Each structure stands twice: as structure tokens, then as C-alpha cells.
Amino acid sequence: MPVVARQSPVFRFAPSPNGPLHLGHALSALLNRDMADAANGRLLLRIEDIDLTRCTPEFERGILDDLDWLDIAFERPIRRQSEHFDAYAQALERLKMLDLVYPAFMTRGEVKTHVAAYEAQSGKPWPRDPDGSPLYPPLDRQRSDGERAALLAAGAKHAWRLDMECAAPHGGSGLGWMETGDSATGRLPADPRQWGDVVLSRSDAPSSYHLSVTVDDALQGVTHVVRGLDLFHATSVHRLLQVLLDLPAPVYHHHRLILGPDGRKLSKSLGDTGLKTLREEGASTSDIRRLVGL
Ligand code: GLU
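Residues numbered from 1 in each chain as written. Predicted model: local features only at pLDDT ≥ 70, side-chain atom pairs only at ≥ 80, totals over all residues. Heavy atoms only, no water.

### What about the packing of helix H3 (residues 85-97) against helix H7 (residues 209-219)?
A pair of packed helices can be characterised by two numbers: the angle between their axes and the separation between those axes. As a reminder, the rule being used: In this analysis, axes come from line fits to C-alpha atoms, helices being fitted only over the stretch in contact, and the angle between any two N-to-C directions falls in the range 0 to 180 degrees. Strands here mean DSSP runs of E at least two residues long; helices mean DSSP runs of H or I at least four residues long; both are numbered from the N terminus. Any angle from 65 to 115 degrees is called roughly perpendicular, while one under 35 is roughly parallel, one over 145 is roughly antiparallel, and all others are oblique. We call two residues in contact whenever any of their non-hydrogen atoms come within 4.5 Å of each other.
With their axes 10 Å apart at the nearest point, H3 and H7 run at an angle of 110° to one another. Between H3 and H7, the interaxial angle falls into the category roughly perpendicular. Between H3, through Ala87, Tyr88, Ala91, Leu92 and Leu95, and H7, the contact on the second element is made entirely by Leu211, Ser212, Val215, Asp216 and Leu219.

Shown next as C-alpha cells:
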């Protein structure tokens, strides 16, 4: 009988080179390495640089230096999202064919004005997503095909958004994911509707975080996604996109966040918890492990 090799687990660390890495990233990267080792698995590094205005090669070099210093080995070649816009475009094309996306013409400023006017007039809060951003108003979703075609033909700047009302039912009532992280564990229900019509590509960025992360996890054969709890709710969108694009679902592990002295999530502008600063101040890699509670 032929022996079928069991596929080894695949983990990935996926930082965005839009600032220096901090202790929160160290926890994520070290945990990915530890979990991959414990599972006899592989660890990939993916540079999430679709935001061409904020990501720089210098920040990418800084990430590689920090990981090197932390002695975190990962497989090469590194996948850089900016080199794979065609893969995300193909996925978007498929969603267009399924009639699950629409061109969205409102700028961020127009959305803000629309929301403020509604709240002032009605005295009611406009619905917001788990990150606190207002859901995209339904105006563009309700346009006729003719109106859309005319706006597109006139060259109106637009993003492509998922039509959540049409897309969500494709997930079925049992949409969920397997979670092993630091909050709830087990099979958890996904609720993509709470995000409204998420953006999948913008006129100035050919793919969005949600689209590219979903496509890449599948293309790279990622079986275990280990990332911070700040991305816990985003998993609902990723699960729906996986169903729509016919992609496999990894197991998810959302880990605790490292908080700053003010009790807030670390940000890339907090220099004092930056890995480079800590390294220059003489911290050792075991100090970093201790600082992040590993
Ligand atoms: N690129 C994202 C970040 O730096 C992480 C994406 C993910 O792990 O899914 O926050």
C-alpha cells in the first residue's frame, strides 16, 4: 500500500513593514516559531506590504534584522504581497463574476459627513464595525447597473466592496472556525455581517488586507494562523472569503496582546518597546522572551 506522507503543519508570521517591530510582534513571531517547532511544522515569513504609501524597504530590513537577532528561523523565499497583486486581482475577478462585489465611490470624507449628518438628524448612532469604523453606507450598493456603468465609464474613482447582504448567506448558518488561542477556544461562530461591506481593493491600493491575507494563507498552504487578538474579529471576514473563493480554512490561534504602560495596545510609534531600541539598550533575546511572558 502506498504510504501517504502527512502534510506537515505550516505556520506564518506576517508583519507589515510600516514601522519598527515592537514587543507585541516579538510575542507573535516567537510564538509562531515555538508552535511550529512543537508541531514539527514549517514557519513562513510573509511581508504584508500592500500599502505602498506606508510600507518601506527600510522597515522590511529592520524586520529581518530583528528576527535574525531573535534567532527566529523561517523558510525562504519570503513572500512579499506587493509582488502578487495579480493573485489578489484574480480573486476579486472571481467575486465580480459571482456578483458579490460592487464599485464604491464614496471617499472616506464623504462617508464621515454622511454618518455625521445621520447621527445629528436621527440622534441615533450609525452602526460601526468591531474596530469602531462606521459601516459603509448602502448608497452605492443600491445603484442600478446602468448608473454604475456610467460612473465607471466616466472614470470615477472607486473601491471594490463586498456586498455583505448577498455574500453572507453563502457562508451558511454554520460558518465558524477552530480556535485554540488565549480567549475562547473550540469551534467558534463567525459573524461577518458585523463588518458590513468590507473593502477588497482601493483605487490607490490594488488589494485590501482581508483579501490578500485570505488568498495568501491558502496559496502558501498555511494550516495554522497565529496572530494577535486584535485580529480575532477579522477572522469572520476571512472565513467568509474562504467559502466564497473555495479555499481551505486554517486553525486560528489569537494570542494575548502586549499592552503599554498606559494599558493600551502597543503601537509602532512607541519607541521604548521597539525591538531595535531594546537591542541597542543591551537587552538579550532571553530578556525579550521574559518581557513577553514566554
Ligand atoms: N499584517 C498584519 C499586521 O502586521 C498581520 C496579519 C495577520 O497575521 O493576519 O498586523
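### Comments concerning the pairing of strand S5 (residues 159-162)
The two faces of a sheet get side chains in turn, since along a regular strand they alternate between them. Operational definition: Each residue's exposure class comes from its accessible area (1.4 Å probe, protein chains only) as a fraction of the maximum for that residue type: buried when under 20%, exposed when over 50%, partly exposed otherwise. Any two strands are treated as partners once DSSP identifies two or more bridges connecting them.
Of the two faces of S5, both are covered, the one formed by Ala159 and Arg161 as well as the one formed by Trp160 and Leu162. The sheet contact formed by strand S4 (residues 101-104) and S5 spans 4 bridges and is antiparallel. Bridging from a neighbouring strand, Pro103 pairs with Trp160 of S5.

### A short note on the packing of aromatic side chains
Defined as follows: Aromatic contacts are taken between Phe, Tyr and Trp rings whose centres are within 6.5 Å, Trp giving its six-membered ring; a plane angle under 30 degrees counts as stacked, one over 60 as edge-to-face, and the others as tilted.
Taken as a whole and judged by the stated rule, the model has 4 aromatic pairs. Between Phe85 and Tyr88, the ring centres sit 6.2 Å apart and the planes meet at 80°, which makes this aromatic pair edge-to-face. Taken together, the residues span about one helical turn, with Phe85 and Tyr88 both in helix H3 at a distance of 3 residues. Here Phe85 matches Tyr88 in class, with each residue buried.

### As for H3
Convention followed: One less than the residue count of a helix, multiplied by 1.5 Å, gives the span that helix is expected to have.
Between its first and last C-alpha atoms H3 spans 18 Å; for 13 residues at 1.5 Å apiece the expected length is 18 Å, and the two agree. The secondary structure elements touched by the buried residues of H3 are strand S3 (75-80), S4, S5, strand S8 (199-201), H7 and helix H8 (234-244). Positive backbone phi, approximately 65°, marks Asp99, located one or two places after H3.

### Regarding unusual backbone geometry
Of note, the bond from Arg76 into Pro77 is cis; its omega dihedral lies within 30 degrees of zero at 0°. Position of Pro77 among the secondary structure elements: in strand S3. Despite not being glycine, Asp71 has its phi angle at roughly 65°, a positive value. Among the secondary structure elements, Asp71 is positioned in the loop between helix H2 (57-69) and S3. Using a relative accessible area of 67% as the deciding quantity, one classes Asp71 as exposed. Phi is positive for Asp99, close to 65°, though the residue is something other than glycine. Here Asp99 lies in the loop between H3 and S4.

### Here we look at the packing of helix H6 (residues 164-171) against H8
For the pair H6 and H8, the least separation of the axes is 9 Å and the interaxial angle reads 80°. On the basis of the axis angle, H6 is roughly perpendicular to H8. Contacts between H6 and H8 involve Met164, Ala167, Ala168, His170 and Gly171 on the former and, on the latter, Leu240, Val243 and Leu244.

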